[in-house]
Amino acid sequence: MAASPSLQPQLCFTDAPPAAQDVARGVTRLFFHRDTFALCEVPLPNGRRADMMGIDSDGLITIVEIKVSRADLMGDCKWLDYLGYCDRFFWAVPGGFDLTPFETDAFHPELCGLLVADRYEAAVIREAPLRKLPPPRRKAETLRFARRAARRLVGDLDPTLSGFG
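Calculation criteria
Residues numbered from 1 in each chain as written. Predicted model: local features only at pLDDT ≥ 70, side-chain atom pairs only at ≥ 80, totals over all residues. Heavy atoms only, no water. Buried < 20%, exposed > 50% of the residue type's maximum accessible area, 1.4 Å probe, protein only. Helix = DSSP H or I, 4+ residues; strand = E, 2+ residues; numbered from the N terminus. Pairing = 2+ DSSP bridges. Axes fitted to C-alpha atoms, helices over the stretch in contact; angles between N-to-C directions. Contact = heavy atoms within 4.5 Å. Phe/Tyr/Trp six-rings, centres within 6.5 Å; stacked < 30°, edge-to-face > 60°.

## What about the pairing of strand 2 (residues 49–56)?
Next up, step 1: Of all eight residues in strand 2, seven are buried, a share of seventy percent or more.
Next up, step 2: Bridging between strand 1 (residues 36–43) and strand 2 involves seven bridges; their strand directions are antiparallel. Bridge assignment links Pro 43 to a residue of strand 2, and that residue is Arg 49.
Next up, step 3: As consecutive antiparallel partners, strand 1 and strand 2 are separated by five residues, and within that stretch Gly 47 has a phi angle of approximately 90 degrees, a positive value.
Next up, step 4: The sheet contact formed by strand 2 and strand 3 (residues 61–66) spans four bridges and is antiparallel. The partner of Gly 54 across the bridge, within strand 3, is Thr 62.
Next up, step 5: The turn linking strand 2 back onto strand 3 is made up of four residues, and Gly 59 within it adopts a positive phi angle of 80 degrees.

## Observations regarding the sheet that holds strand 1
Next up, step 1: Ordered in space as 1-2-3-4-5-6, the six strands form an open sheet in which the pairing is mixed. Lying at the two open borders of the sheet, with one neighbouring strand each, are strand 1 and strand 6 (122–126). With strand direction ignored, the average angle separating the axes of adjacent strands in the sheet is 30 degrees.
Next up, step 2: Where strand 4 (residues 88–94) lies against strand 5 (residues 113–117), five bridges are found, and the strand directions are parallel. Within strand 5, the residue paired with Trp 91 across the bridge is Leu 114.
Next up, step 3: Most of the contacts of helix 1 (residues 18–33) go to strand 3, to which it runs at about 155 degrees, and overall it touches strand 1, strand 2, strand 3, strand 4, strand 5 and strand 6.
Next up, step 4: Relative to strand 1, helix 3 (residues 135–157) is tilted by about 85 degrees, and along the sheet it contacts strand 1, strand 2 and strand 3.

## Details of the packing of aromatic side chains
Next up, step 1: Counting across every chain of the model gives nine aromatic pairs.
Next up, step 2: Ring centres of Phe 89 and Trp 91 lie 5.3 Å apart, and the angle between their planes is 90 degrees; this geometry places the pair in the edge-to-face category.
Next up, step 3: By relative accessible area, Phe 89 is classed as buried at 0%.
Next up, step 4: Aromatic pair Trp 91 and Phe 102: ring centres 5.6 Å apart, planes at 50 degrees, arrangement tilted. Pair noted here: Trp 91 is in strand 4 and Phe 102 is in the loop between strand 4 and strand 5, with a separation of eleven residues, a long-range link.
Next up, step 5: These aromatic residues form a ring-pair network of at least three members: Trp 79, Tyr 82, Phe 89, Trp 91, Phe 97, Phe 102 and Phe 107.

Here is the structure:
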């Protein structure tokens, strides 16, 4: 009888600072309580990669960009490229992070929500406004999300398949 494959899930942000892993865990817990389920490190068709992408029971898609340092935040000029792939967009940062940049015109507070998270929970500082995706984009993104989630599950059940597709 062959050995059972490892059922250990692939970890998110394995090459990121522990603070980013903690923020992702806290956001995941918040989303769970909101009936939203997320994947981490999701490639987008435009070549960008969302830190987290979640889908709720109404099929609404949320993208979360995690920042754990001011330098990383201030150097991020690509986040507007995510807005065409989600209904809601949040920034997520650890506790103690200076939140004042998120109120400036450069970070368009009218377009973004704001979360503060640790490894146990996340608090909504500002709810993300809803900007519904056009139906064809929603269908394409929902299908991509479902297939990516299934592909990751297959990789968790049989690690020899995780590099395919």
